[in-house]
Amino acid sequence: MSAGGRYLLTGAAPTPNGRLHLGHVGAQFLKLDVLKRHARRAGADATLLFSVDAFDNPITYAARQAGLREEEICRVYYDGLERDLEHVAVDYDVFLDTSVGEGRDLIEKTAMELDAVLAGRKVAVTEKIPYSRRAGSPVTGRFLIGECPACGRKMHGYSCDPCGLYLSADDIRNARAADPADVLDWREVTNYFIRTSSREVREYLAGVVLPDVVRGRVDNIAAALLADEHFLARWTASEPWGIGTGVPGQVYFNRMLITLAEQVAFGEITKEKLGLHQNPFEEGSDVVTVLAYGTDNLGGFLVENSALALATERYRPFDHHLVSEFYTLDGQKQSTSRPHCIWVEDAAALDGFSRDGLRAYMASIATPDVEVDVSLSDLAAFMKSLTAQADRVVATARSTVDRTVDGVVVGRAEEALDSQAKALELDHIDLPKVWQSTERWLDQAVTPGAGQHTSLACFAVIAAAVVPDVAATVWRSLGHAGEPDRAALRKLVSDGN
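About the thresholds
Residues numbered from 1 in each chain as written. Predicted model: local features only at pLDDT ≥ 70, side-chain atom pairs only at ≥ 80, totals over all residues. Heavy atoms only, no water. Helix = DSSP H or I, 4+ residues; strand = E, 2+ residues; numbered from the N terminus. Rg over C-alpha atoms; globule rule 2.2 N^0.38 Å. Buried < 20%, exposed > 50% of the residue type's maximum accessible area, 1.4 Å probe, protein only. Areas by Shrake-Rupley, 256 points an atom, 1.4 Å probe, with all protein chains shown as cover. Expected span 1.5 Å × (residues − 1). Contact = heavy atoms within 4.5 Å. Core = buried A, V, L, I, M, F, W, Y, C linked by side-chain atoms within 4.5 Å. Pairing = 2+ DSSP bridges. Axes fitted to C-alpha atoms, helices over the stretch in contact; angles between N-to-C directions. Disulfide = S-S within 2.5 Å. Phe/Tyr/Trp six-rings, centres within 6.5 Å; stacked < 30°, edge-to-face > 60°. Parallel < 35°, antiparallel > 145°, perpendicular 65-115°, else oblique. Left-handed = near helix turned anticlockwise from the far one by under 90°. Nonpolar A, V, L, I, M, F, W, Y, C, P; charged D, E, K, R; others polar.

**Observations regarding the overall build of the chain**
- When you go through the chain residue by residue, the secondary structure sums to 16 helices and 18 strands.
- Here the C-alpha atoms of the chain give a radius of gyration of 24 Å, agreeing with the 23 Å that 2.2 N^0.38 yields for 497 residues.
- Across the 497 residues that make up the chain, the buried fraction comes to 58%.
- Accessible area for the chain stands at about 19,700 Å²; split by element, carbon and sulfur atoms hold 47% of it.

Written out as structure tokens, the structure reads:
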């Protein structure tokens with residue numbers, strides 16, 4: 001990410017059937033926020049946009065459990081998700097509630113426009129869908145259980161997390177109602193799929209840079225989905241909740257809404273915010289687009305969404321995919337629906353909680369190539385240690401009177417910033433290395449001697465991406481305005497102050 005560059009950053013949308021957990025933080029929110037702050041520090045423009053997956057199957061389950069309507073449960077948890085993002089100090093430009101109001105209107109309008117663009121590629125498919133004999137409505141999400149035909153693992157709804165696949169209902173082995181008192185009636189319904197070129201999708205996938213372990217999974221998914229000349233990507237579904245297509249009982253497929261429709265809508269928002277002449281996903285745009293998510297979304301985000309974008313012949317797939325392995329708790333994937341996770345609100349309730357402490361802890365363990373187990377006790381100990389170090393740095397900044405500029409120290413800081421820039425290259429994000437660089441300057445900043453003001457100013461710039469609160473406090477304590485960035489650091493040298 002370089003000065004003058006322009007970037008659109010987004011990630012998998014959390015389902016508003018619960019609050020954020022540390023898996024969400026690690027897989028997309030922290031990583032993308034660090035990238036935005038790094039881009040800004042380097043003199044680039046970046047927009048950071050998120051939404052909620054308001055039409056995911058678990059919404060209906062959560063609403064029924066709470067005795068609320070779907071849009072009501074979305075609003076309850078959207079408000080909580082906003083508070084969680086504040087606890088993590090995520091500096092987003094847009095956090096869109098797509099369940100109601102302007103957010104829903106925007107996604108519905110975009111879906112209808114895309115429907116017209118892709119009209120010539122729509123294929124009607126008759127498929128069997130399970131209905132509840134008791135309720136007379138489609139059975140989806142946690143109301144439906146079975147086994148994945150590919151890996152044999154138990155699954156809820158139509159998605160297999162370990163495989164990253166989304167299946168048709170009649171492909172699920174031993175599909176049955178989660179409620180043993182209910183019985184499934186299988187009905188034939190018509191839904192629409194988009195005919196895409198398997199060859200074009202394979203060529204696109206071959207050019208995406210991914211960790212080796214992720215590449216292996218993608219190859220397996222591609223082998224399963226792209227074996228024929230044409231791949232049919234789901235466009236509509238028979239669901240009890242969603243954005244209707246105009247056909248009774250039929251909605252736009254929720255995963256399309258949080259992938260292609262959201263991608264195009266976010267492009268339009270970025271176009272306006274950055275004063276661009278075209279949507280960043282249109283051919284010829286110089287805006288670099290980045291999508292972050294976990295391996296359980298590989299089938300939908302990397303394969304199906306890219307296939308749909310290519311099929312429009314108007315919009316490009318994302319330039320970069322930042323794919324994370326699972327963040328686990330006691331060795332098992334963190335999950336909102338089960339629930340099995342460490343909630344952000346639980347972390348925020350710890351004695352001595354700090355936003356910087358949570359961010360630095362998650363950055364220190366963020367190894368995208370392997371599963372990472374998180375621990376609330378480890379987080380608490382980490383935050384306690386960091387708080388003591390940060391307090392020393394802030395106290396030193398407030399008491400420093402010497403304004404000597406040490407060019408040697410600035411030179412070392414520039415090397416550290418270059419090292420961080422390399423660790424944040426979009427082909428492979430290495431947050432632990434970025435944190436290690438920051439941690440070394442925690443000690444450097446409080447080392448007594450001439451030029452300490454310079455060391456503290458350099459620390460603020462180096463720390464700004466991962467621990468922005470202490471970085472901003474130190475910067476302001478030194479008497480500097482604005483944000484700590486590379487341009488300000490160079491001005492410090494040129495001004496001799």
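So, next bit.
**Points about helix 11 (residues 376–399)**
- Spanning 24 residues, helix 11 covers 35 Å between terminal C-alpha atoms, matching the ideal 34 Å at 1.5 Å per step.
- Leu379, Phe382, Met383, Leu386, Ala390, Val393, Val394, Thr396 and Ala397 are the residues of helix 11 that are buried.
- Turning to helix 11, the residues buried within the fold contact helix 9 (344–348), helix 10 (355–364), helix 13 (431–445), helix 14 (452–463) and helix 15 (468–477).

**Structural notes on the nonpolar core**
- If you look at the biggest cluster of nonpolar residues, it comprises 162 residues, and the most contacted ones within it are Met256, Met362 and Val474.
- For this core, the element with the most residues is helix 7 (residues 254–273), which contributes nine residues.
- Those residues within four positions of methionine 362 in sequence are excluded, and the remaining contacts are Leu22, Val25, Gly26, Leu30, Tyr327 and Val374.

**Digging into the sheet that holds strand 5 (residues 144–147)**
- Ordered in space as 6-5-9, the three strands form an open sheet in which the pairing is antiparallel. Only two strands of the sheet have a single partner each, and these edge strands are strand 6 (154–156) and strand 9 (173–177). The average angle at which neighbouring strand axes cross in this sheet is 20 degrees, direction not considered.
- Where strand 5 meets strand 9, three bridges bridge the pair, whose relative direction is antiparallel. Each residue of the ladder has a partner; that of leucine 144, found in strand 9, is alanine 177.

**A closer look at the state of the cysteines**
- Within this structure, the stated rule accounts for zero disulfides.
- The cysteine cysteine 341 is free of any disulfide, with cysteine 74 supplying the nearest cysteine sulfur at 18 Å.
- On the accessibility criterion, cysteine 341 (12% relative accessible area) is buried.

**Quick look at unusual backbone geometry**
- Its identity as a non-glycine residue notwithstanding, glutamate 313 has a phi of 60 degrees, on the positive side.
- Note that glutamate 313 resides in the loop between helix 8 (298–312) and strand 15 (320–324).
- Residue class for glutamate 313 comes out exposed when judged on its relative accessible area of 67%.
- Located in the positive-phi region is aspartate 330, a residue other than glycine, with phi close to 55 degrees.

**Things to note about the packing of aromatic side chains**
- Going through the model one piece at a time under the given rule, you end up with ten aromatic pairs.
- Each ring, one from tryptophan 235 and one from tyrosine 252, has its centre 6.3 Å from the other, and the planes form 85 degrees; the classification is edge-to-face. Within this pair, whereas tryptophan 235 is found in the loop between strand 11 (230–234) and strand 12 (236–237), its partner tyrosine 252 is found in strand 13 (residues 251–252), the two being separated by 17 residues in sequence.
- For tryptophan 235, a relative accessible area of 0% puts it in the buried group.
- The exposure class assigned to tyrosine 252 is buried, which follows from its relative accessible area of 5%.

**Quick notes on the environment of valine 410**
- Here valine 410 shows up in helix 12 (residues 407–423).
- When its relative accessible area of 7% is taken as the criterion, valine 410 is described as buried.
- Considered as a pair, valine 410 and leucine 350 are 60 residues apart in the sequence and their alpha carbons are 37 Å apart.
- Sequence-distant contacts of valine 410, defined by excluding residues within four places in its chain, comprise Thr454, Cys458, Leu489 and Val493.

**So, the packing of helix 11 against helix 14**
- The N-to-C vectors of helix 11 and helix 14 enclose an angle of 130 degrees; their axes lie 10 Å apart at closest approach. As the angle between them shows, helix 11 and helix 14 are arranged oblique. The handedness of the crossing between helix 11 and helix 14 is left-handed. Touching Val393, Thr396 and Ala397 of helix 11 are Gln452, Leu456 and Phe459, all from helix 14.
- Residues that form the contact of helix 11 with helix 14 fall into these classes: four nonpolar, two polar and no charged.

**Details of the sheet that holds strand 17 (residues 332–333)**
- The strand order across the open sheet built from three strands is 17-16-18, with neighbouring strands paired in mixed fashion. The open sheet is flanked by strand 17 and strand 18 (372–373), the only strands paired with a single partner.
- Of the pairings in the sheet, the one linking strand 16 (residues 327–329) to strand 18 comprises two bridges and is parallel in character. Each residue of the ladder has a partner; that of threonine 328, found in strand 18, is aspartate 373.

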